[in-house]
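Architecture at a glance
Residues per chain, in single letters:
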Amino acid sequence: MQPNPKISVLLSVYNTDFYLVKRAIDSVLNQDYPNFELILIDDGSSNESSAALLKYAKKYEDKIVFIRH
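For the structure given in this document, a descriptive report is provided here.

Spatial strand order, S1-S2-S3: three strands in an open sheet with parallel pairing. Of all the strands in the sheet, the pair left with one neighbour each is strand S1 (7-13) and strand S3 (64-68). The sheet shows a mean angle of 20° between the axes of neighbouring strands, direction not considered. Sheet contacts for helix H2 (residues 49-59): S1, strand S2 (36-42) and S3; angle to S3, the most-contacted strand, approximately 155°.

What follows covers the pairing of S3. One ladder, built from five bridges, connects S2 with S3; its direction is parallel. Pairing of Ile41 across the sheet is with Ile67, part of S3. Crossover connection from S2 via H2 to parallel S3: handedness right-handed.

About the criteria used
- Residues numbered from 1 in each chain as written.
- Predicted model: local features only at pLDDT ≥ 70, side-chain atom pairs only at ≥ 80, totals over all residues.
- Heavy atoms only, no water.
- Pairing = 2+ DSSP bridges.
- Helix = DSSP H or I, 4+ residues; strand = E, 2+ residues; numbered from the N terminus.
- Axes fitted to C-alpha atoms, helices over the stretch in contact; angles between N-to-C directions.
- Contact = heavy atoms within 4.5 Å.
- Right-handed = clockwise from strand over helix to strand, strands pointing away.

In structure tokens, the structure reads:
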């Protein structure tokens, strides 16, 4: 087993207020473990949160993968 295996964290959202999703994203980004990726999945939200999520994900593109379904 590798000493620091890469961890994938999945976060799926649908029409969730951006400030709530931002809190969850920030919680993952602030972890001590450095070898992770956050896969953020927008499951077809119809509110304005999708644009805000994309903008925020670009800010941390080295750690966040954004998927809009």
